[in-house]
Amino acid sequence: MQSSSLKGKSALVTGSTSGIGLGIARSLAAEGANIVFNGFGDAQEIAALQTDVAKEFNVKTMYHNADMSKPAEIEALMRAANEQFGSVDVLVNNAGIQHVANIEDFPVDKWDAIIAINLTSAFHTTRLALPKMKANNWGRIINIASAHGLVGSPQKSAYVAAKHGLVGLTKVTALETAQTGVTCNAICPGWVLTPLVQKQIEARAAKEGVPVQQAMKELLAEKQPSGQFVTPEQLGALAVFLCSEAASQVRGVAWNMDGGWVAQ
Ligand code: NAD
């Protein structure tokens, strides 16, 4: 694969204290990008993460604890990133949560939180990052949607609505930047074994009264023909490609990496 050196560029990855976001942040750091971490977690562990990535890849790192459901905190995050690094050159909108229930039982506050974190936060970061990206005539916006940005599943109304919305936002952002050096694309992962999915596997095991290992196999068999999880490292490699010069005419796509999920 053509390597894109991101030396001297800065990358903000929302929700990068865990799972896919962390995998993508590490892959971008490996290409030389300075990293803005965001997300929740233990303060000491996050500080260690920041130091480890900075040392391992010889880049600068910073952390901001913005709650991505709160527009004022997102504005503070963007201000801090700009103050530290001058601009946000690569924006990865990754923070996300899940809740599973039938529509008639879906808690209204969970609906609101999922739409705010999984969709509206990307509108805010994008609107705040674009002016500098346009002025620099270079930028990469990567929205982490999901196979659920392309197809539905029962009991995931808010998540599927948010992820379809994120794919729509991706297309509009790509069109509004089409004649600039800024691109916007979505990545649509299938099942990745992260804390977000581990919770769903454990809930399934408890509901069916089966061992966790069996619930995991069933979960994969139901949706993902490969029978294997996608990894954060594989998604990181795709994000690096989308940042490369070779990808400069990849615009507005929703690129699934899903073990065959949406091919069915
Ligand atoms: P995860 O739970 O491991 O990580 C989520 C990250 O988002 C964490 O860093 C968490 O602290 C952060 N976060 C949650 N709420 C936040 C908030 N209000 N403000 C700031 N940060 C917040 O989950 P993951 O599986 O790595 O998911 C990352 C993204 O990938 C999500 O958008 C998810 O929808 C998407 N995705 C995951 C899968 C999968 O199978 N795991 C599949 C498709 C898409």
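What counts and what doesn't
- Residues numbered from 1 in each chain as written.
- Predicted model: local features only at pLDDT ≥ 70, side-chain atom pairs only at ≥ 80, totals over all residues.
- Heavy atoms only, no water.
- Core = buried A, V, L, I, M, F, W, Y, C linked by side-chain atoms within 4.5 Å.
- Buried < 20%, exposed > 50% of the residue type's maximum accessible area, 1.4 Å probe, protein only.
- Helix = DSSP H or I, 4+ residues; strand = E, 2+ residues; numbered from the N terminus.
- Contact = heavy atoms within 4.5 Å.
- Near = heavy atom within 4 Å.
- Polar contact = N/O pair within 3.5 Å; in protein donor to acceptor, adjacent residues only side chain to side chain.
- Areas by Shrake-Rupley, 256 points an atom, 1.4 Å probe, with all protein chains shown as cover.
- Nonpolar A, V, L, I, M, F, W, Y, C, P; charged D, E, K, R; others polar.
- Domains from an automatic or database assignment.
- Expected span 1.5 Å × (residues − 1).
- Arc of directions from axis to C-beta.
- Buried area = accessible area lost by both parts, 1.4 Å probe.
- Salt bridge = Lys/Arg side-chain N within 4 Å of Asp/Glu carboxyl O.

## Things to note about the nonpolar core
Then, in step 1: Judged by nonpolar contacts, the single largest core of 32 residues is most densely connected at Leu28, Ile35, Val92, Ile142 and Ile187.
Then, in step 2: Where this core is concerned, the elements lending two or more residues are strand E1 (10-13), helix H1 (19-30), strand E2 (34-38), helix H2 (43-57), strand E4 (90-93), strand E5 (139-144) and helix H8 (232-243).
Then, in step 3: Here Ile187 is in contact with Ile142, Asn143, Ile144, Ala145, Ser146, Leu235, Leu238, Ala239, Leu242 and Trp255, once residues within four sequence places are set aside.
Then, in step 4: Among the nonpolar cores identified, the runner-up in size contains 21 residues, and Ile74, Ala81, Phe85 and Ala174 belong to it.

## Description of the site of the ligand
Then, in step 1: Looking at the ligand, there are 30 residues lining it, with Ser18, Asn94, Tyr159, Val192 and Thr194 nearest.
Then, in step 2: For the ligand, an oxygen atom lies 2.8 Å from a polar atom in the backbone of Ile20.
Then, in step 3: Protein burial of the ligand: of its 820 Å² of free accessible surface, 93% is covered by the chains.
Then, in step 4: Those elements that provide at least two residues to the shell around the ligand are H1, helix H5 (157-176) and helix H6 (195-208).
Then, in step 5: In terms of residue class, the shell around the ligand is made up of 16 nonpolar, 12 polar and two charged.
Then, in step 6: Built from parts of two domains, the shell around the ligand gets at least three residues from each of domain 1 (10-191 + 230-263) and domain 2 (193-229).

## Considerations on helix H3 (residues 71-85)
Then, in step 1: For H3, built from 15 residues, the straight-helix expectation of 21 Å at 1.5 Å per residue is met to within 8% by its first-to-last C-alpha distance of 21 Å.
Then, in step 2: When we look at burial in H3, the residues that qualify are Ile74, Leu77, Met78, Ala81 and Phe85. Down the axis of H3, the buried side of the element spans an arc of 95°, and every buried residue falls inside it. The exposed set on the far side of H3, more than 90 degrees from its buried face, consists of Ala72 and Glu83.
Then, in step 3: Looking one or two residues beyond H3, the residue adopting positive phi is Gly86, at roughly 90°.

## Description of the domain arrangement of the chain
Then, in step 1: Here the chain is described as being made up of domain 1 (10-191 + 230-263) and domain 2 (193-229).
Then, in step 2: Each of domain 1 and domain 2 has a C-alpha centre, and the two are 25 Å apart.
Then, in step 3: With 19 residues of domain 1 in contact, the opposing surface of domain 2 contributes 14 residues.
Then, in step 4: The contact between domain 1 and domain 2 buries some 1200 Å² in all, and 61% of this surface belongs to carbon and sulfur atoms.
Then, in step 5: When residues of domain 1 are sorted by the area they lose upon contact with domain 2, Trp191, Val230 and Gly259 head the list and together hold 51% of the total.
Then, in step 6: Counting the contacts that link domain 1 with domain 2 gives zero salt bridges.
Then, in step 7: Here the side of domain 1 that touches domain 2 is built from residues that sort into six nonpolar, 11 polar and two charged.

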